[in-house]
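So the chains spell out like this:
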Protein chains: 4
Amino acid sequence: MHDAAMDWIPRLDARALGDFMRDRFPPGHFTEGVDPWTIDHVGPGSLSMTLLYRPDFLRPGGTISGPTIMMLVDTAMYLHILSHIGPVELAVTSSLHIDFLRRAPPGDVVATTELLKLGRLLANGRVTVRAAGDPRPVAHATVTYALPATAPT
Amino acid sequence: MHDAAMDWIPRLDARALGDFMRDRFPPGHFTEGVDPWTIDHVGPGSLSMTLLYRPDFLRPGGTISGPTIMMLVDTAMYLHILSHIGPVELAVTSSLHIDFLRRAPPGDVVATTELLKLGRLLANGRVTVRAAGDPRPVAHATVTYALPATAPT
Amino acid sequence: MHDAAMDWIPRLDARALGDFMRDRFPPGHFTEGVDPWTIDHVGPGSLSMTLLYRPDFLRPGGTISGPTIMMLVDTAMYLHILSHIGPVELAVTSSLHIDFLRRAPPGDVVATTELLKLGRLLANGRVTVRAAGDPRPVAHATVTYALPATAPT
Amino acid sequence: MHDAAMDWIPRLDARALGDFMRDRFPPGHFTEGVDPWTIDHVGPGSLSMTLLYRPDFLRPGGTISGPTIMMLVDTAMYLHILSHIGPVELAVTSSLHIDFLRRAPPGDVVATTELLKLGRLLANGRVTVRAAGDPRPVAHATVTYALPATAPT
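Predicted model, so just to flag it, every value in this text is computed and none were measured. (Residues numbered from 1 in each chain as written. Chains lettered and ligands numbered in written order. Predicted model: local features only at pLDDT ≥ 70, side-chain atom pairs only at ≥ 80, totals over all residues. Heavy atoms only, no water.)

Asker: Mind showing me how you'd approach the interface of chain A and chain B here?
Answerer: In many reports, interface size means the accessible area that the parts give up when they come together. Of the residues lining the interface, 30 residues belong to chain A; the matching set on chain B comes to 30 residues. Carbon and sulfur atoms make up 57% of the surface buried where chain A meets chain B, a total of about 2,500 Å² over both sides. At the surface where chain A touches chain B, the tally comes to 0 salt bridges. Taken together, the links from chain A to chain B amount to 6 residue pairs in polar contact (both at pLDDT 80 or more). Among the elements of the structure, strand 3 (58-59), helix 2 (66-85) and strand 5 (92-100) of chain A are those that each provide at least two residues to the side of chain A that touches chain B. (Contact = heavy atoms within 4.5 Å. Buried area = accessible area lost by both parts, 1.4 Å probe. Salt bridge = Lys/Arg side-chain N within 4 Å of Asp/Glu carboxyl O. Polar contact = N/O pair within 3.5 Å; in protein donor to acceptor, adjacent residues only side chain to side chain. Helix = DSSP H or I, 4+ residues; strand = E, 2+ residues; numbered from the N terminus.)

Asker: Looking at this structure, I do not really get the relation of the copies chain C and chain D. What am I missing?
Answerer: Put simply, the two copies of the chain differ by a rotation about an axis and a shift along that axis. Of the two same-sequence chains, chain C is brought onto chain D (RMSD 0.0 Å, axial shift 0.0 Å) by a rotation of 180°. What the superposition gives is, in effect, a two-fold axis relating one chain to the other. Taking C-alpha positions as the reference, the residue of chain C nearest the rotation axis is His97 of chain C, at 2.1 Å. A high fraction, 100%, of the interface residues of chain C reappear at the interface in chain D, so the copies pair face to face through one surface. (Least-squares fit on C-alpha atoms with pLDDT ≥ 70 in both.)

Asker: Sorry if this is basic, but what is going on with the sheet that holds strand 7 (residues 122-131) of chain C here?
Answerer: Within a sheet, each strand pairs with its neighbour through backbone hydrogen bonds, oriented either parallel or antiparallel. Strand order in this open sheet of 12 strands is 1(C)-2(C)-6(C)-7(C)-8(C)-5(C)-5(D)-8(D)-7(D)-6(D)-2(D)-1(D), and the pairing throughout is antiparallel. Edge strands, defined here as strands with exactly one partner in the open sheet, are strand 1 (37-43) of chain C together with strand 1 (37-43) of chain D. Pairs of neighbouring strands in the sheet enclose a mean axial angle of 20°, with direction left out of account. For strand 5 (residues 92-100) of chain D and strand 8 (residues 137-146) of chain D, the ladder comprises 8 bridges, and the chain directions are antiparallel. The residue bridging Val92 of chain D from the neighbouring strand is Ala146 of chain D, located in strand 8 of chain D. Against the sheet, helix 1 (residues 14-24) of chain C contacts strand 1 and strand 2 (46-51) of chain C, and its axis sits at roughly 135° relative to strand 1 of chain C. The strands that helix 2 (residues 66-85) of chain D touches are strand 5 (92-100) of chain C together with strand 1, strand 2 (46-51), strand 5, strand 6 (109-118), strand 7 (122-131) and strand 8 of chain D; relative to strand 6 of chain D, the one it contacts most, it runs at about 45°. (Pairing = 2+ DSSP bridges. Axes fitted to C-alpha atoms, helices over the stretch in contact; angles between N-to-C directions.)

Asker: Can you walk me through the packing of helix 1 of chain C against helix 2 (residues 66-85) of chain C in this structure?
Answerer: The geometry of a pair of packed helices is captured by two quantities: the angle between their axes and the separation between those axes. All names here are of chain C. Between helix 1 and helix 2, the shortest axis-to-axis distance is 10 Å and the interhelical angle comes to 115°. Seen along the crossing, helix 1 lies across helix 2 with a hand that is right-handed. Every residue of helix 2 that contacts helix 1 at Leu17, Phe20 and Met21 is listed here: Thr75, Tyr78, Leu79, Leu82 and Ser83. Here the contact of helix 1 with helix 2 is composed, by residue class, of 6 nonpolar, 2 polar and no charged. (Left-handed = near helix turned anticlockwise from the far one by under 90°. Nonpolar A, V, L, I, M, F, W, Y, C, P; charged D, E, K, R; others polar.)

Asker: Whenever I open this one, the interface of chain C and chain D confuses me. Can you help?
Answerer: Counting from both sides, the interface comprises 29 residues of chain C and, opposite them, 30 residues of chain D. When chain C packs against chain D, close to 2,500 Å² is buried across both sides, 57% of that on carbon and sulfur atoms. The interface formed by chain C and chain D includes 6 residue pairs in polar contact (both at pLDDT 80 or more). Breaking the side of chain C that touches chain D down by element, the ones donating at least two residues are strand 3 (58-59), helix 2 and strand 5 of chain C. The element that contributes the greatest number of residues to the side of chain C that touches chain D is strand 5 of chain C, accounting for 9 residues. The class makeup of the residues in the side of chain C that touches chain D is 13 nonpolar, 8 polar and 8 charged. Pairing analysis gives 5 bridges linking strand 5 of chain C to strand 5 of chain D, with the strands arranged antiparallel. If you follow Asp99 of chain C over to strand 5 of chain D, its bridge partner there is Ser95 of chain D.

Asker: Please explain the packing of aromatic side chains as it appears in this structure.
Answerer: The description of an aromatic ring pair rests on the distance of the ring centres and on the angle between the ring planes. According to the stated counting rule, one finds 8 aromatic pairs over all chains in the structure shown. An angle of 50° between the planes, with centres 6.4 Å apart, marks the rings of Phe20 of chain D and Tyr78 of chain D as tilted. Here Phe20 of chain D, found in helix 1 (residues 14-24), pairs with Tyr78 of chain D, found in helix 2; they are 58 residues apart in sequence, far enough to count as distant. Tyr78 of chain D matches Phe20 of chain D in its accessibility class, with the two residues each being buried. A connected cluster of aromatic rings, assembled from ring pairs, spans Phe20, Tyr78 and Tyr145 of chain A. (Phe/Tyr/Trp six-rings, centres within 6.5 Å; stacked < 30°, edge-to-face > 60°. Buried < 20%, exposed > 50% of the residue type's maximum accessible area, 1.4 Å probe, protein only.)

As structure tokens, then:
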């Protein structure tokens, strides 16, 4: 996707995105107390972040729960879009499609996002989720975000 | 969908589903301490449940967050399928598609599920989410569950 | 879905929709020569149409092919939206999600659509597809349409 | 996606796939008379094919119609899966999600597929569609196929 024709330049780096989340979201929103994730990479058209393991992410059967993975996907795509349009908190998910491909064992989970389109009103991307250290995808999602009319892009 | 040709009979009622969730899921999984939802109706091919409002379900802008709604959708469909196949905890979400249609104001949120197909390996349903007291859908989802080979159905 | 709160009134009836399709789409677009479908019902928030069977709709195995069903779903939702916003040919599908639930035997296929939201920029609906005379759904889809800025709604 | 951990080896090349389609699908199924597509590449975990332009693929507004693109997506993924599991004609689409990102002008359209998972019962992939010669995606889809129990994989 990283064609020269799509020269997306991030405006916010990992630190600025982390500051934004801490400022605007209540503690305990994503999880209690401390942020359980790290933003690992922010680049043109792609972002990766890691959700740090906690036992309460598990579902019966001892694998990472679906809602936990969906929360990670949605957050990763949200941060990815903000990295490109700036700290516009009112960007909202318009639709999300996810396929769960394999069970994720207890441990950290990594989401890698790719922009497919960054339009004036809508942004589209896809997200691949993997267990840390395993190249096989655990889940794959496509997400559409509605951008507020006031966004600079 | 409730055609005579699809005579789905629930095996578990609201009380049995609530007991199942309390027994098998760790406290704090769905939320801290106490179950923040009620199962309002279990019938042939349909189920409705209410997520009771808590301020930490909000996202910036003061509306119910997307991950909260996805957690509700996934839980409602899971309980719906269990009500029909019995307490088979290893049923897992195979795919989920959700369209967010309107912002949900602070307050309780109601999910109503309908079965579309209950097969041997896969179950399909759709879920309509509304803010309590407002007939307009806040979100609409379709969910596919993979049923374990050991399920009685 | 047909709540009083969503008082959608169709502007175009079945005859007007048929005239629109004949005028604006080239012959052979939907199929060769003659229109192979009938619009059976147009009402507030719902529409149903029938795709009349032709052998070249079959795929190996002797069932109606997936692309045929997707064409029907997309056309039904397009006509449904036009019935409510008027003959605005430039409404375009923004996303489509479909679950194939059962194989459809050779024969007519019926699509029933329901509006979920008719906004200024986007319209959302869901479509249930059945083999004529069988209440069990063959496929279920959700469709998002982007409405041109010039649309009267 | 082309990790060493996922060493998918195609069993059928482009010629064998073309022969399969000509043998098993009726003339006029994909289009009248002659096959309007070429298979450009078959490799481990990826396939690309081109739909050759015909005027009746257009919709009002002069762009390639949605059903045409969905037919291409579904066919490309079907051929991709067959290239890996062999000529098992009864593989059927289980679900398909597509986002239409840009209008495709009159001209050839190229679909590139990537496998995400090739399981015993289900195969998952994603498909990026582009207008020939333009790197920007016109559409992006994820597709799930149900594999017949008799498939060799």
